[in-house]
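Take a look at the letters that make up each chain.
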Amino acid sequence: MAADRTTMKLLAKIVLYMSSLLQLPFISATGVVWDENGYVLYCPCMGRFGNQADHFLGSLAFAKMLNRTLAVPPWIIYRHHTPPFTNMHVPYSEFFQLEPLLQYHRVISMEEFMEKLAPTHWPPGERVAYCYDAAAKRSPDKKSCPMKEGNPFGPFWHQFGVDFDKSVLFPGISFSSYYKQQWTKKFPPSEHPVLALPGAPAQFPVLEEHVPLQSYVVWADHMVQEGEGYIDSLLIRPYVGIHLRIGSDWQKACELLKDDKTGPHFMASPQCVGYNRNTAIPLTKNMCLPDLKEIQRALKLWVKKINGKSVYIATDSESHSKEIEQLFKGNVKVVSLQPEVAHVDLYILGQADHFIGNCASSFTAFVKRERDVHSKPSSFFGMDYPAKKKDEL
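The model shown is predicted, which means the values in this text are computed figures rather than measured ones.

## Here's the deal with the packing of helix α13 (residues 343–350) against helix α14 (residues 362–373)
In contact at an axis separation of 9 Å, α13 and α14 are set at 40° when each is read in the N-to-C sense. The angle between α13 and α14 falls in the class oblique. The chirality of how α13 crosses α14 is right-handed. Residues Asp-345, Leu-346, Leu-349 and Gly-350 of α13 form the contact with α14, whose own contacting residues are Phe-363, Phe-366, Val-367, Glu-370 and Arg-371. Classifying every residue of the contact of α13 with α14 gives five nonpolar, one polar and three charged.

Put into structure tokens, the structure is as follows:
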């Protein structure tokens, strides 16, 4: 068996070499073309969906910058409170279409890469990990990339049956376009065909220059069908969609605003306070953690403005449905599904006639970016007060 694998590997290399001489693409037995410009692989191992989505846009831009194909990773869904309490790894295409990404740059699903290309071009024994030298200091031997240390890193690579045989460390090279030449010079695809990274080659929150890439993130048909089904059966247009990020973990995070420990840039807040730190507006407690009074104020404003007939609430905690129903004296329908898969919430919020989000939340940021693509109006809690008349100033 080992001899067969060696023979196949040798034949593949010969064909790849001959293809390069003839300037032809290498096509594997599965019909998938091997990209001689190389690949980028990474674990989406920082945060829940909103953070992963921010990182995905930056990673897509990084792959294009290096002219490498991006192996699009699955989404990691954490089930800390639901049996069997293990992470779910959901293919990108379960929620979004892969094809629209090709309008921007070359991509392949990580599942297809591992199944059809890795056995020949990135086989066991030749799997190299790449990481910052500072990250390697966290490993037991202080010189290996900690690719599988802890959760979610270990489970992510384990699901693909990947163990790493070698580590390549790099100091002081950021993932920004400023370092493009350093990346291409230090890691030419002829010598480093697969850049496998422990985390996303991107910043959080998403850089302002990468925000427009949201236009290539298109919902899968079945997600559209499911989402539209809920809208048609449960909601009456026009409707206001709101995102309440008010859970206990978020409450603790927003406490940091009390002593001005964060400044205006805190998690995803650049989306609403501005990306330039020098001109960013202050981030207030109500913008991060709106209380019931603020939630009611904003809803009353926007329901009146659009003559809303219903309200959709997406939340990680208490929905305040009863209080909101009382606010409108039963004249506005209030719906909160709290679905098992949060992407249903994302879709319904994205289709609302008006959306009110949380300034510091990356979940809100996904909705806001999608709505901006389609020129749909959005606002944020704590900062959508109507302008005062001149005689009131």
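Now that the structure is up, let's keep going.
## Notes on the sheet that holds strand β12 (residues 310–315)
The strand order across the open sheet built from five strands is β13-β12-β11-β14-β15, with neighbouring strands paired in parallel fashion. What marks the edges here is a single partner per strand, and that holds for β13 (333–335) and β15 (378–380). Pairs of neighbouring strands in the sheet enclose a mean axial angle of 20°, with direction left out of account. Here strand β11 (residues 239–244) pairs with β12 via six bridges, running parallel. By the bridge assignment, His-243 is partnered in β12 with Ala-314. Running at roughly 160° to β11, helix α11 (residues 292–306) makes contact with β11, β12, β14 (354–357) and β15 of the sheet. Where α13 meets the sheet, its contacts fall on β11, β12 and β14, and the angle it forms with β12 comes to roughly 145°.

## Details of the state of the cysteines
Counted by the stated rule, this structure contains four disulfides. Note that Cys-43 is cross-linked by a disulfide to Cys-45, the S-S spacing being 1.6 Å. Looking down the S-S bond of the Cys-43 and Cys-45 bridge, the torsion is 45°, so its handedness is right-handed. Residue classification places Cys-43 among the buried residues on the basis of a relative accessible area of 0%. Take Cys-45: its relative accessible area is 13%, and that puts it in the buried class. Between Cys-272 and Cys-359 runs a disulfide, and the two sulfur atoms are separated by 1.7 Å. Between Cys-272 and Cys-359, the S-S dihedral sits near 45°, and the bridge is therefore right-handed. With Cys-272 in helix α9 (residues 270–273) and Cys-359 in the loop between β14 and α14, the pair connects residues that are 87 residues apart, well separated along the chain. Cys-359 shares its class with Cys-272; the two are buried.

## Here's the deal with helix α2 (residues 49–66)
For α2, built from 18 residues, the straight-helix expectation of 26 Å at 1.5 Å per residue is met to within 8% by its first-to-last C-alpha distance of 25 Å. Buried residues dominate α2, accounting for 17 of its 18 residues. At the exit of α2 stands Asn-67, carrying a positive phi of roughly 60°.

Conventions adopted
- Residues numbered from 1 in each chain as written.
- Predicted model: local features only at pLDDT ≥ 70, side-chain atom pairs only at ≥ 80, totals over all residues.
- Heavy atoms only, no water.
- Axes fitted to C-alpha atoms, helices over the stretch in contact; angles between N-to-C directions.
- Helix = DSSP H or I, 4+ residues; strand = E, 2+ residues; numbered from the N terminus.
- Parallel < 35°, antiparallel > 145°, perpendicular 65-115°, else oblique.
- Left-handed = near helix turned anticlockwise from the far one by under 90°.
- Contact = heavy atoms within 4.5 Å.
- Nonpolar A, V, L, I, M, F, W, Y, C, P; charged D, E, K, R; others polar.
- Pairing = 2+ DSSP bridges.
- Disulfide = S-S within 2.5 Å.
- Buried < 20%, exposed > 50% of the residue type's maximum accessible area, 1.4 Å probe, protein only.
- Expected span 1.5 Å × (residues − 1).

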